[in-house]
Amino acid sequence: MKIAHITSEAAPWCKSGGLGDVLGALPGAQARDGAQVAVFLPLHRAARQAAKKHNLTLSTTGVSATSRIAGHDVTGHFLSHTDSNGVTTFLLDCQRFFDRDGLYTGSDGRSYADNGVRYAFFCQAVLQAVSALMGGAPDVLHAHDWQAALIPIYLRHAPVPTVITIHNLAYQGMFHKDLIPAIGLDWEVFSPSCAEFHDHLGLLKGGIACANAVTTVSPTYAREITTETFGHGLHEFIRHNARRLTGIINGIDESEWSPEVDPHIAQNFSATDLSGKWACREALQAEFGLRLKPGEPLLAVVSRFASQKGLDIIADIAPELESMGAGLVVLGTGESALEKRFAWLSSRFRRVSARIDFDVPLAHRITAGADMFLMPSRFEPCGLNQLYAMAAGTIPVVNAVGGLADTVDDQVGFRFGHANVDGLRWALHQAIGRYRYDPSGWNRLMVTGMRRDFSWRQPARQYMRLYQSL
Ligand code: ADP
């Protein structure tokens, strides 16, 4: 089976969240199962920098693509890199569109005005080059999120099967309808059953309408997005298309997120020997300048600062950590109001220590060194951090939505049912009580989570069965 993934993020090249992690790991799992897998990615500036940093060689392919887009002839060249699993990543080098400070937003925090044109060019270039680069047409084109949603739209009358994965329905790629002729689309797509949404062009919506199959990243989220609460205005449309929708849970890259081999942490450890976990905990407290007494747990958050993630709920509860007898470390970037609030909490309360940064090695040290990982998300398509936490014996405390509901049960963590301060406080009282008064029960939670299979093996096979059904 020849599989082409089309995405705007893939670790280790560039990532802003879970999308990058998924595309850094799923292709390798599929290749290990015998598929020929290619990943198509724009050569964002971050990807060029990652190549230098990680010594990833980029070879020229001699394949380029030219499109007339928004009134200009634009050309890009594909570079390639093949990894140890045999997955080839083809990176589209087009400085005009991709050599920028951020992936989607500038340093002022605003989305680039030409995002629709940038990713339309990317999709057109992939379609021009895919057969030449893969030595023949792929058996399936698997597009991810709105940035690649034009793939199934452009191919809507072609015989090649397409799949689109919704990693987060909150980001729909909504543009002014003037974009339609500028990116070579026919007005026929501008209908309520396809890409039209309140007189705008909705790329993700159009991709969902045109793909042969639609997936999202957990079974519960697949159900939730058919409801008004979680559907971001698309619930009725999704319900109408539900026949083609499946939820496949994400896995984790065990070469990256296993405490047994993780190179970023103070000391490696496993379910059979947890001594390294205590060394990581000590090191983390020292790094964040926290001093906890025996019986006082260390809580952690690593997150984009977006309202989805419920960081405001954590900030609201932070002053209560003194009476709860717990410490909190926070790593994240995003909405500036939240950044400021955590910087203030950090300076005001001795039990809170926050770093406003995007720092992957630090995310590893926190995940391995903490006792509990907090995720009071208002919605969560899958969530990866709770999986990374459980693999490292760090107990997740989560609002039971989406993938959090599918992956965290009371054998491995603590769940609550409302994304608000009362919900989180209630769950924290349960969790801190267990931590303090029932160490052997706590140990059981840790070891059970560490022994669960969160790998990509099962999900990769589910995707394969889906491709075969097409
Ligand atoms: P989302 O994709 O909604 O942001 P996920 O839980 O699916 O959420 O994935 C988030 C990924 O991004 C994880 O790998 C997480 O460790 C990483 N991440 C988020 N914020 C930071 C940060 N400030 N520094 C390092 N890694 C981060």
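Read on for a plain summary of the structure. (Residues numbered from 1 in each chain as written. Predicted model: local features only at pLDDT ≥ 70, side-chain atom pairs only at ≥ 80, totals over all residues. Heavy atoms only, no water.)

Quick notes on empty space enclosed by the protein
Then, number 1: Scanning the model with the defined rule gives one cavity of 30 Å³ or more in all.
Then, number 2: Around the largest cavity sit W257, S258, P259, D262, H364, T367, A368, Y388 and A392, which together line it.
Then, number 3: Considering each element in turn, the lining of the largest cavity owes the most residues, three residues, to helix α14 (residues 360-369). (1 Å grid on protein atoms, 1.4 Å probe; cavity = no way out; pocket = protein on both sides within 12 Å on 5 of 7 lines; lining within 4 Å. Points joined across faces, edges and corners; volume = space filled by probe spheres on them. Helix = DSSP H or I, 4+ residues; strand = E, 2+ residues; numbered from the N terminus.)

A few points about the site of the ligand
Then, number 1: Near the ligand you find 19 residues, and of these G18, D21, R304, K309 and D357 are the closest.
Then, number 2: Side-chain polar atom of D21 to an oxygen atom of the ligand: 2.5 Å apart, as the coordinates give it.
Then, number 3: Within the side chain of R304, one N or O atom sits 2.7 Å away from an oxygen atom of the ligand.
Then, number 4: About the coverage of the ligand: the protein hides 94% of its 560 Å² of free accessible area.
Then, number 5: Of all the elements in the fold, those that place two or more residues in the shell around the ligand are α1 (18-32), β13 (298-305), β14 (327-334), α14 and α15 (385-391).
Then, number 6: No other element matches β13, which puts three residues into the shell around the ligand.
Then, number 7: Partitioning the shell around the ligand into residue classes produces seven nonpolar, six polar and six charged. (Near = heavy atom within 4 Å. Polar contact = N/O pair within 3.5 Å; in protein donor to acceptor, adjacent residues only side chain to side chain. Areas by Shrake-Rupley, 256 points an atom, 1.4 Å probe, with all protein chains shown as cover. Nonpolar A, V, L, I, M, F, W, Y, C, P; charged D, E, K, R; others polar.)

Structural notes on the pattern of salt bridges
Then, number 1: Enumeration according to the criterion identifies 22 salt bridges in this entry.
Then, number 2: Notably, a salt bridge pairs E296 with R351, separated by 3.1 Å at the nearest N-O pair. Of the two residues, E296 is situated in the loop between α10 (275-288) and β13 and R351 in the loop between α13 (336-348) and β15 (352-356); the sequence distance between them amounts to 55 residues.
Then, number 3: E296 gets classed as buried once you look at its relative accessible area, which sits at 9%.
Then, number 4: Shared partners join several salt bridges into a network, and the residues in it are E296, E322, R350 and R351. (Salt bridge = Lys/Arg side-chain N within 4 Å of Asp/Glu carboxyl O. Buried < 20%, exposed > 50% of the residue type's maximum accessible area, 1.4 Å probe, protein only.)

Regarding the side chain of T165
Then, number 1: For T165, the position within the fold is in strand β7 (residues 162-166).
Then, number 2: Residue T165 is classed as buried on the basis of its relative accessible area of 0%.
Then, number 3: Within polar-contact distance, the side chain of T165 engages the side chain of T215 at 2.6 Å.
Then, number 4: If we ignore the near neighbours within four places in the chain, the residues touching T165 are H142, A143, H144, D145, T215, V217 and Y463. (Contact = heavy atoms within 4.5 Å.)

Thoughts on the sheet that holds strand β12 (residues 245-247)
Then, number 1: Reading across the sheet, the nine strands line up as β3-β4-β5-β2-β1-β6-β7-β11-β12 and stay open at both edges, with mixed pairing between neighbours. The strands lining the two open edges of the sheet, one partner per strand, are β3 (59-69) and β12. With strand direction ignored, the average angle separating the axes of adjacent strands in the sheet is 25 degrees.
Then, number 2: Pairing of strand β2 (residues 36-42) with strand β5 (residues 88-93) involves five bridges; the strand directions are parallel. From the neighbouring strand, V39 faces β5, where its bridge partner is T89. (Pairing = 2+ DSSP bridges. Axes fitted to C-alpha atoms, helices over the stretch in contact; angles between N-to-C directions.)

Overview of the pairing of β13
Then, number 1: Most of β13 is tucked away: seven of the eight residues are buried.
Then, number 2: Strand direction decides the pairing type here: β13 and β14, joined by eight bridges, are parallel. In the strand pairing of β14, L298 is matched with G327.
Then, number 3: Of the strand pairs in this sheet, β13 and strand β16 (residues 372-375) are connected by two bridges, and their pairing is parallel. From the neighbouring strand, L299 faces β16, where its bridge partner is M372.

Details of the environment of A10
Then, number 1: Along the chain, the position of A10 falls in the loop between β1 (2-6) and α1.
Then, number 2: Among the residues examined, A10 registers a relative accessible area of 2% and is labelled buried.
Then, number 3: Separated by 11 residues in sequence, A10 and D21 place their C-alpha atoms 6.3 Å apart.

Side note on the packing of α10 against α14
Packed helices, taken two at a time, are described by the angle between their axes plus the distance between the axes.
Then, number 1: Following both chains from N to C, one finds α10 and α14 inclined at 125 degrees, their axes separated by 8 Å at the closest point. Relative to α14, the element α10 is oriented oblique. Crossing angle aside, the handedness with which α10 passes α14 is left-handed. Listed contacts from α14 to K277, C280, R281, L284, E287 and F288 of α10 are L362, R365, I366, T367, A368 and G369.
Then, number 2: Broken down by class, the residue content of the contact of α10 with α14 amounts to six nonpolar, two polar and four charged. (Parallel < 35°, antiparallel > 145°, perpendicular 65-115°, else oblique. Left-handed = near helix turned anticlockwise from the far one by under 90°.)

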